[in-house]
Amino acid sequence: MAQHSLSAKKIAIMVSAGFDEAQFIDIQKSMMANNGWLKVVANKPGLVNGARDGMLGMAYPVDATISETLAIDYDGLIIPGGEKHIATLSEEPHALRILRAFLRESMPVLLIEEAASMLDQIEADVTSSDFDASQAIDCRASIARAQKDASMTSSLAALAEIMHSQEEEQAA
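Being a predicted model, the structure only gives us computed values, none of them experimental.

Thresholds, definitions, all that
Residues numbered from 1 in each chain as written. Predicted model: local features only at pLDDT ≥ 70, side-chain atom pairs only at ≥ 80, totals over all residues. Heavy atoms only, no water. Helix = DSSP H or I, 4+ residues; strand = E, 2+ residues; numbered from the N terminus. Buried < 20%, exposed > 50% of the residue type's maximum accessible area, 1.4 Å probe, protein only. Areas by Shrake-Rupley, 256 points an atom, 1.4 Å probe, with all protein chains shown as cover. Phe/Tyr/Trp six-rings, centres within 6.5 Å; stacked < 30°, edge-to-face > 60°. Lys NZ or Arg CZ within 6 Å of the ring centre and 35° of its normal. Pairing = 2+ DSSP bridges. Expected span 1.5 Å × (residues − 1). Salt bridge = Lys/Arg side-chain N within 4 Å of Asp/Glu carboxyl O.

Draft legend 1. Structural detail: the overall build of the protein chain. The helix and strand inventory of the protein chain stands at 6 helices and 9 strands. The 172 residues of the protein chain split such that 45% are buried. Carbon and sulfur atoms provide 51% of the accessible area of the protein chain, an area that totals close to 8,800 Å².

Given below as structure tokens:
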């Protein structure tokens, strides 16, 4: 399989306090190495803290708030693991709205560890007429999942592959 790049792609990384800082740093390094743009989208403006080994991690600047973010402004979405942050995002209507929008438009999404549970939350909470649970199932081809020990490089390569496939489909 050919390697596809995230070069010149604008990727949103959706976080709240308590996200897995080690995963975040790996993603950040990989995106920088591939000349991609990683934008931190969080539930609160200012700074957001990661977590490392159950302890408070470093603070990172927020580029955009979840309440003001639109999927159309990005080429893909990454949600890192971290139990506390996933619990917060799962209760945040705007976070679920953003994930629904990426799924509805079959845009690439990388869900790491606990983040995959947000799909269940979306399917359980679906009540609006413009999005139904069958769409979430139909567009799972645009979702990449990474487990705890997965290499971020290979996980981001999977995201790039999804983007490349979609670009080829649109060109055809």
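Draft legend 2. Focus on the packing of aromatic side chains. Considering all chains together, one arrives at 3 aromatic pairs under this definition. Aromatic pair Phe19 and Tyr60: ring centres 5.9 Å apart, planes at 55°, arrangement tilted. Residue Phe19 is located in strand β2 (residues 19-20), and its partner Tyr60 is located in strand β5 (residues 55-61); the two are separated by 41 residues in the primary sequence. The buried category is assigned to Phe19, whose relative accessible area is 0%. The ring of Tyr74 is capped by Lys10, whose NZ or CZ atom sits 5.2 Å from the centre of that ring.

Draft legend 3. Quick peek at the pairing of strand β1 (residues 10-15). Among the 6 residues that make up β1, 5 are buried, leaving the element largely enclosed by the rest of the structure. Bridging between β1 and strand β3 (residues 37-42) involves 6 bridges; their strand directions are parallel. Across the sheet, residue Met14 finds its bridge partner in β3, namely Val41. Of the strand pairs in this sheet, β1 and strand β7 (residues 76-79) are connected by 3 bridges, and their pairing is parallel. The residue bridging Ile11 from the neighbouring strand is Gly76, located in β7.

Draft legend 4. Region of interest: helix α3 (residues 93-104). In this model α3 runs 16 Å from its N-terminal to its C-terminal C-alpha over 12 residues, within 8% of the 16 Å that 1.5 Å per residue would give. Inspection of α3 places Ala95, Leu96, Ile98, Leu99, Arg100, Ala101, Phe102 and Leu103 among the buried residues, and these make up the whole buried set. Looking at the residues trailing α3, positive phi occurs at Ser106, about 55°.

Draft legend 5. Spotlight on the pattern of salt bridges. Taken as a whole and assessed by the stated rule, the structure comprises 2 salt bridges. For the salt bridge of Glu105 with Arg104, the shortest nitrogen-to-oxygen distance reads 3.5 Å. Taking relative accessible area as the criterion, Glu105 reaches 52% and is therefore assigned exposed. The class of Arg104 is partly exposed, set by a relative accessible area of 33%.

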